[in-house]
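Below are the chains, spelled out letter by letter.
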Amino acid sequence: EGDYETAQKVFSASIKVSPNSSTLHLLNGISYHLQFLNNSSDSKELAETAYGLASAMDRTDPLPYIQLGRLHIDSGEYQKASKEFIGAYSISPSSQDALYGLLQASLLQKDFKTALWSGDSLKKLNTTDADKLRLMALMYAAVGKTSEAGQYLALYAKANADNPKETEHLKQQVNYIG
């Protein structure tokens, strides 16, 4: 656990045996991504390459685009992240992860129009994931839709019933923003 270098070596060896496996390239990208998150800045470009290979090998899979978007968020490249999440959404319009990523990247760019569209699209998919509900409450507060912010705060409280302190903190954030 946490030995990302060893994991990356295993995936690299597996790729030599099965070089046309998009899944192995995706997993290799994730291992490089995790190394990047652990202060190995040179791993970012390797993760980008691996995710790119995975997406080129299977154009029907939104996950390489989602992962690449997450990598760009982690590196502060929010506009690039938005493009990747839009790519994932174009492959799979019902992907909550693609919409959530686009919502997150849009808010980080202060692109409230795209954030609102992403949030409204996510709303139509009836997400129950606490992280997504939390961000939606914050987004609705940021765009001045206090009724929707309150609705998603309540949904978050229900989904995160085991952690009332986090719910109270979110309530304070929503009230501060709104």
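A quick note: this is a predicted structure, and the numbers were derived from the prediction, not measured.

### A closer look at unusual backbone geometry
Not every positive phi belongs to a glycine, and N39 is a case in point at roughly 70 degrees. With respect to the helices and strands, N39 occurs in the loop between α2 (22-37) and α3 (43-57). Looking at N39, the relative accessible area reads 76%, which means it is exposed. The backbone of K110 shows a phi angle near 60 degrees, a positive value even though the residue is not glycine. Within the secondary structure, K110 is located in the loop between α6 (96-108) and α7 (112-124). Among the residues examined, K110 registers a relative accessible area of 64% and is labelled exposed.

### Brief notes about helix α4 (residues 63-74)
Taking 1.5 Å per residue, 12 residues should reach 16 Å; α4 reaches 16 Å between its end C-alpha atoms and fits that length. Most of α4 sits inside the fold, with 9 of its 12 residues counted as buried. Buried within α4 are the following residues: P64, Y65, I66, Q67, L68, G69, L71, H72 and I73. Looking at the buried positions of α4, the neighbouring elements they touch are α2, α3, α5 (78-91) and α6. Positive phi appears at G76, one or two residues downstream of α4, with a value of about 80 degrees.

### A word on the nonpolar core
If you look at the biggest cluster of nonpolar residues, it comprises 21 residues, and the most contacted ones within it are L103, L170 and V174. Of all the elements in the fold, those that place two or more residues in this core are α6, α7, α8 (130-142), α9 (146-159) and α10 (164-177). Tallying contributions element by element places α8 first for this core, with 9 residues. Residues within four places of V174 in sequence aside, it is in contact with A137, L138, A141 and A149. Judged by nonpolar contacts, the second largest core, of 9 residues, contains I66, I73, A88 and L102.

Calculation notes
Residues numbered from 1 in each chain as written. Predicted model: local features only at pLDDT ≥ 70, side-chain atom pairs only at ≥ 80, totals over all residues. Heavy atoms only, no water. Helix = DSSP H or I, 4+ residues; strand = E, 2+ residues; numbered from the N terminus. Buried < 20%, exposed > 50% of the residue type's maximum accessible area, 1.4 Å probe, protein only. Expected span 1.5 Å × (residues − 1). Contact = heavy atoms within 4.5 Å. Core = buried A, V, L, I, M, F, W, Y, C linked by side-chain atoms within 4.5 Å.

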